[in-house]
Amino acid sequence: MPKLITIDDIDDLATGSAFLGTGGGGDPYIGSLLAKEAISKHGPVSLLSLDEVPDGARVFIASGMGAPTVDIEKLCSVADMHYAVEALENHLGYTATAIMAAEIGGLNSVMPVAYAAMRGLPLIDADGMGRAFPSLHMTSFNVHGVSCTPMALSDEHGNVVIFRTKNAETAEELSRPVVTAMGASASLSEYPMSGLEAKAAALPDTVSAAIAIGAAVRSDDKSVAAIDRLLAALRSHSYYRHAYRIFDGKITELSRDTSRGWVFGRCTVSALQGSSEAEICFQNENTVVRVDGVLRAVVPDLICIVDRETAQPITTEALRYGQRVAIVGCSAPPQLRTPEALVCMGPSAFGENVDYVAIERLAELEPAAVLSGPVEAKCPSSAAAAQN
């Protein structure tokens, strides 16, 4: 029997997907309100495991694209998302029978629930990343040969652009300027696929994982510290089982640059005692963390900044000077660690001049073995990152 996503699951999903979003994916708060409204009006959403999806199912992605900093003021809606999905349905000549999230990250995890409720369609318990990434080609769908296009991009006025490109990288290059012209935030439907293709290319059980992680963070159990509950939930999942509390401190330096449809930046966290510092670089999502110049985690592994008392995830647009935070890192799904996946989701894809080393391996190494040079020199510029 399919599981049902009810109103009671939404806050857990929003919290868990905000963590798995590693700072990106958009703030899930507005999406959670829309999901609750949609479920209240249309009823719970059936959550299908990949095994339950018929091979002939017509799977459509419902997602957003743009800079998370813009989503704070340029609010999304289910109607905006429908412009994109409906346009792709009309272009292809058939309608969706199931909805899937492109990523398990913030807004892009919660909005598909709202959309599936409005359409009366099941949501598949899977996605293409097991986290969030900033670019269209950074998905397991792409790695497994599912075409990103035809793809529909829409704004809140109902303007729609259909893309048909030779590969996902070209789709990203051509659509990003259009998103910028649409106000740096737009709705998107990409990677249309069959149920059989979804079974081969998607990462299973990620929606349910996000709900479980969020439930652990939001638990009323005060006998266990919130971050310990978070770590326990991560370690219970096969994807995220290598989980670590990397650093604690307060934010003492923060820079952001919203350009070319992304938000680039750097966050410095200083220890509450002593002189140690951690630096996180981000391009929508957090991409690398170093402590006193020593590499501690790098994409595709997950890096998240959380409140050090409540373990609530803090998205990159919500970071503020003086916040007392903890940096938590965990392993990425193994599908993202293959040589083929690392080409488009590894450090070099973000302009980082460092080889990928798994977070659990970095935890075992002596600091001198992973020393990566001066902290100040390490975050790529927005121009350098965008060219990769």
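Whatever comes next refers back to the structure up there.
Residues numbered from 1 in each chain as written. Predicted model: local features only at pLDDT ≥ 70, side-chain atom pairs only at ≥ 80, totals over all residues. Heavy atoms only, no water.

Colleague: What's the story with helix H5 (residues 107–119) in this structure? I'm lost.
Modeller: Residues three or four positions apart in an α-helix share a direction because the helix packs 3.6 residues into each turn. The end-to-end C-alpha separation of H5 is 18 Å, in line with the 18 Å expected for 13 residues at 1.5 Å each. Counting buried residues in H5 gives eleven out of 13 residues, a clear majority hidden from the surface. Every buried residue belonging to H5 is among Leu107, Asn108, Ser109, Val110, Met111, Pro112, Val113, Ala114, Tyr115, Ala116 and Ala117, and all of these are buried. One or two positions beyond H5, positive phi appears at Gly120, with a value near 70°. (Helix = DSSP H or I, 4+ residues; strand = E, 2+ residues; numbered from the N terminus. Expected span 1.5 Å × (residues − 1). Buried < 20%, exposed > 50% of the residue type's maximum accessible area, 1.4 Å probe, protein only.)

Colleague: Is there a simple way to explain the pairing of strand S15 (residues 277–283) in this structure?
Modeller: Remark: a regular strand shows side chains that alternate across the two faces of the sheet. The buried count for S15 comes to six of seven residues, which makes it a mostly enclosed element. Here S15 folds back onto strand S16 (residues 285–291), and the loop between the two strands holds one residue, one of which, Asn284, carries a positive phi near 65°. (Pairing = 2+ DSSP bridges.)

Colleague: Whenever I open this one, the packing of aromatic side chains confuses me. Can you help?
Modeller: In this description, an aromatic ring pair is defined by two values, namely the gap between the centres and the angle between the planes. By the definition in use, this model includes four aromatic pairs. With 5.4 Å between their ring centres and 55° between their planes, Phe141 and Tyr191 make a pair best called tilted. Residue Phe141 is found in helix H6 (residues 140–143), and its partner Tyr191 is found in the loop between strand S10 (185–189) and strand S11 (193–194); the two are separated by 50 residues along the sequence. Directly above the aromatic system of Phe133 lies the positively charged group of Arg131, at a separation of 4.1 Å from the ring centroid. (Phe/Tyr/Trp six-rings, centres within 6.5 Å; stacked < 30°, edge-to-face > 60°. Lys NZ or Arg CZ within 6 Å of the ring centre and 35° of its normal.)

Colleague: Just to check I follow, could you spell out the layout of surface pockets for this structure?
Modeller: Sizing a probe to match a water molecule and rolling it over the atoms shows the empty space that remains. In this structure, the largest pocket spans a volume of roughly 430 Å³. Along the wall of the largest pocket there are 37 residues; nearest its centre are Gly64, Met65, Gly66, Asn108 and Ala186. Listed by contribution, the elements that provide at least two residues to the lining of the largest pocket are strand S4 (63–66), helix H3 (68–71), helix H4 (78–92), H5, helix H7 (168–181) and S10. Tallied by class, the residues present in the lining of the largest pocket amount to 14 nonpolar, 13 polar and ten charged. (1 Å grid on protein atoms, 1.4 Å probe; cavity = no way out; pocket = protein on both sides within 12 Å on 5 of 7 lines; lining within 4 Å. Points joined across faces, edges and corners; volume = space filled by probe spheres on them. Nonpolar A, V, L, I, M, F, W, Y, C, P; charged D, E, K, R; others polar.)

Colleague: I'm lost on the sheet that holds strand S9 (residues 160–163) in this one. Help?
Modeller: Neighbouring strands of a sheet are bound in pairs by backbone hydrogen bonds; such pairs are parallel or else antiparallel. Reading across from one edge, S4-S10-S8-S9 is the order of the four strands in this open sheet, with antiparallel pairing throughout. The two strands at the open ends of the sheet, each matched to only one other strand, are S4 and S9. Taking each pair of neighbouring strands and ignoring which way they run, the sheet shows an average axis angle of 30°. Direction of pairing for strand S8 (residues 151–154) relative to S10: antiparallel, over a ladder of three bridges. (Axes fitted to C-alpha atoms, helices over the stretch in contact; angles between N-to-C directions.)

Colleague: What exactly am I supposed to notice about the environment of Leu196 here?
Modeller: Along the polypeptide, Leu196 turns up in helix H8 (residues 195–201). Once residues within four sequence positions are removed from consideration, Leu196 is found in contact with Pro54 and Asp55. (Contact = heavy atoms within 4.5 Å.)

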